[in-house]
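Residue-level structural notes
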Amino acid sequence: MCQATASTSTKDAELKVHDRWIAELDLNAFAADIKDLGRILEKQQGPDDVRHLNKMILWSNSLLLVGISTMWYGGSWGINPPAALCISLYTFSRWTMIAHHTCHGGYDRCHPQKGRFNRFKFGLGSLFCRMRDWLDWMVPEAWNVEHNNRHHYCLSELDDPDLVENNLAEIREAEAPLFVKYLIVLGAMLSWKWFYYAPNTYKELKLAQCRRQGTPIPQGVDPRDAVTIRSIFAGTNPFYSVSELFTKVLGPYLIIHFFLLPLPYLFVGRHLGVGSLYFCNALRTLVLGEVLTNMHGFLAVVTNHAGDDMYRFRSSCRPFSGSFYLRQVIASVDFAMGTDAVDFLHGWLNYQIEHHLWPNLSMLSYQKSAPLVREICHKHGIPYIKENVFLRLKKTVDIMVGNSSMRQFPEVYERKFLELDAQGKPLKAQAVGKH
């Protein structure tokens, strides 16, 4: 049986101090432990996971109810910050917790409502389903391609559409004062979901359609380049038009969330003799909520795989191979965790390592798995990083502005581990499936 420890030639390769653990790693043994744990976690899923999901849905919907029922009251400022915060938290949790784990298939096998809480159903197929399940700037079909497939199975490679260091290369390399770069990052933090994420996820959907249809990508176009509102209006986006972006992607959320949702307060205000006051208060509150949820999402989402202690890779690896499992750990970071309240505020993205190891498990399973994954990593000498989310924000911003760079996984070991993956039997996904 082939052992996944490094050969003499690779052990002789010069390693930096923080990389020396790699030379002693038994990759196959680590992968086997992760597979076994995933199998156990999957078998344990059942009614408790559904009850937990319903609890999180209740928390999320309650925030929405409080927000929309009070957003008309603006006080002397014409805006209601507590209502904005409630709506922000609803939007954040509906995406990062409920849609995220359902679209990954986390409840496919244990949820009784197979026609809705299923990765092939949730938010998909019609505007009605999008409105009922998950109405946001992103199109669910597009996000499923960009996140569930491209990001998860190309993690921290150049083909990863969420590779921060690559996406921000223009800012990192710009000859501009540092404070200007910080201002650009601040602008991104306030607007990234509609400015970058929605158009870029839709680009990934278009690319997937091109691959299925055998349509060639236009000459001179690098499919790895991010599509943003800026590139669209600059005329450098060959994948879709401005009108398609509005009608298919941004328009439904913009119209429903910012105009139809507060519209009843216009009629109430006129009936009570205050004209459009309540409507305007509600609209301003919704805009503030949008800014807050962008900032919250940036804090919890963008920081998951960025920092000078996160690894990058040159080549792709086979899903559920030893290299795959290793990469999910050393290119991801966890945050504070352990209680539903703490995890809710992090959008359950504080279990990023566990989620990337087994993308289609439930939220409750990630709570159970985190201490066990830490034990496995400690057993095999693999760094398992868990840190405060605000410290991770600092490390992420440093990557964005060029103050620091991510670690490149040693090339000789990357090749060696890929060779070991090829020699062994395929590591079938016991607790996960590729979607």
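All residue numbers refer to position in the chain's written sequence, counted from 1. Given that this is a predicted model, residues contribute local features only at a pLDDT of at least 70 and side-chain atom pairs are listed and counted only at 80 or more, while totals for whole chains, interfaces and linings are drawn from all residues. Working from all heavy atoms in the structure, the side-chain values ignore hydrogens and water.

**What to know about the overall build of the protein**
The helix and strand labels rest on DSSP assignments: H or I over at least four residues marks a helix, E over at least two residues marks a strand, and numbering proceeds from the N terminus. Helix and strand content of the protein: 19 helices and two strands. Radius of gyration: over C-alpha atoms. The globule rule applied is 2.2 Å multiplied by the number of residues raised to the 0.38 power. Its C-alpha atoms give the protein a radius of gyration of 23 Å, within 12% of the compact-globule value 22 Å for 435 residues. Projected onto its principal axes, the C-alpha positions of the protein cover 85 × 55 × 45 Å. Partly exposed describes any residue whose relative accessible area lies between the buried limit of under 20% and the exposed limit of over 50%, with all areas from a 1.4 Å probe on protein chains only and scaled to the type maximum. Sorting the 435 residues of the protein into buried and exposed places 56% on the buried side. Of all intrachain contacts in the protein linking residues separated by at least 6 positions in sequence, the fraction that spans at least 24 positions is 74%. Areas reported as accessible are Shrake-Rupley estimates using a 1.4 Å probe. Residue values count occlusion only from the protein chains shown. Carbon together with sulfur atoms contributes 61% to the accessible area of the protein, which is approximately 19,100 Å² in total. Within the protein, the 41 negative side-chain charges are centred at a point lying 6 Å from the centre of the 46 positive side-chain charges. By definition, residues are in contact when any of their heavy atoms lie within 4.5 Å. In this tally, Asp and Glu contribute negative charge and Lys and Arg positive charge; neither His nor the terminal groups of the chain are included. Charged side chains are reduced to one point each, which is NZ for Lys, CZ for Arg, CG for Asp and CD for Glu.

**A few points about the environment of Trp-59**
Assignment of secondary structure puts Trp-59 in helix α3 (residues 47-70). Sequence separation between Trp-59 and Leu-89 is 30 residues, and the spatial gap between their C-alpha atoms is 9.8 Å. What Trp-59 contacts, discounting residues up to four positions off in sequence, is Asp-340, Ala-341 and Phe-344.

**So, the layout of surface pockets**
Method remark: on a 1 Å grid restricted to protein atoms, a set of points is classed as a cavity if a 1.4 Å probe fits but cannot get out and as a pocket if it is open with protein on both sides within 12 Å along at least five of seven lines; lining residues have an atom within 4 Å of a point. Grid points are joined across faces, edges and corners, and a volume is the space filled by probe spheres set on the points. Considered as a void within the structure, the largest pocket measures approximately 1,200 Å³ in volume. Of all the secondary structure elements, the ones that give two or more residues to the lining of the largest pocket are α4 (81-103), α6 (140-153), α7 (164-167), α8 (169-173), α9 (178-213), α10 (229-233) and α13 (277-301). At nine residues, α9 tops the list of elements feeding residues into the lining of the largest pocket. Throughout, the ten residues Ala, Val, Leu, Ile, Met, Phe, Trp, Tyr, Cys and Pro are labelled nonpolar, Asp, Glu, Lys and Arg are labelled charged, and all others, Gly among them, are labelled polar. Looking at the lining of the largest pocket residue by residue, the classes come out as 24 nonpolar, 16 polar and six charged. Space inside the second largest pocket adds up to approximately 290 Å³. Along the wall of the second largest pocket there are 14 residues; nearest its centre are Leu-64, Tyr-90, Met-131, Leu-135 and His-257. Those elements that place two or more of their residues in the lining of the second largest pocket are α4, α5 (127-133) and α11 (242-260). Grouping the amino acids of the lining of the second largest pocket by side-chain chemistry returns eight nonpolar, two polar and four charged.

**Examining the side chain of Asp-343**
Within the secondary structure layout, Asp-343 lies in helix α15 (residues 340-345). Should a side-chain nitrogen of Lys or Arg be within 4 Å of a carboxyl oxygen of Asp or Glu, the pair is scored as a salt bridge. Look at Asp-343: it is buried, it has no salt bridge, and the nearest opposite charge is Lys-386 at 9.2 Å. If sequence neighbours within four positions are ignored, Asp-343 has contacts with Ala-336, Met-337, Gly-338, Trp-348, Asn-350, Tyr-351 and Gln-367.

**A short note on helix α12 (residues 263-271)**
Residues Tyr-265, Leu-266 and Gly-269 constitute the buried set of α12. Taken end-on, α12 shows its buried residues confined to a sector of 110°, consistent with a single buried face. Along α12, the residues that are exposed and aim more than 90 degrees away from the buried face are Phe-267 and His-271. Directly beyond the C-terminal end of α12, a positive phi value near 85° is found at Gly-273. This arc corresponds to the set of directions leading from the helix axis out to the C-beta atoms.

**Things to note about the pattern of salt bridges**
Evaluated as defined, the whole model comprises 26 salt bridges. Residues Glu-157 and Arg-327 are paired through a salt bridge, measuring 3.1 Å at the closest nitrogen-oxygen approach. One end of the pair, Glu-157, is in the loop between α6 and α7; the other, Arg-327, is in helix α14 (residues 322-330), and 170 residues separate them in sequence. Here Arg-327 and Glu-414 are joined by a salt bridge, their closest N and O atoms 3.5 Å apart. Within this pair, whereas Arg-327 is found in helix α14, its partner Glu-414 is found in helix α19 (residues 411-423), the two being separated by 87 residues in sequence. In terms of burial, Arg-327 and Glu-414 fall into one category: buried. One connected set of salt bridges, linked through shared partners, spans Glu-157, Arg-314, Arg-327, Glu-411, Glu-414 and Arg-415.

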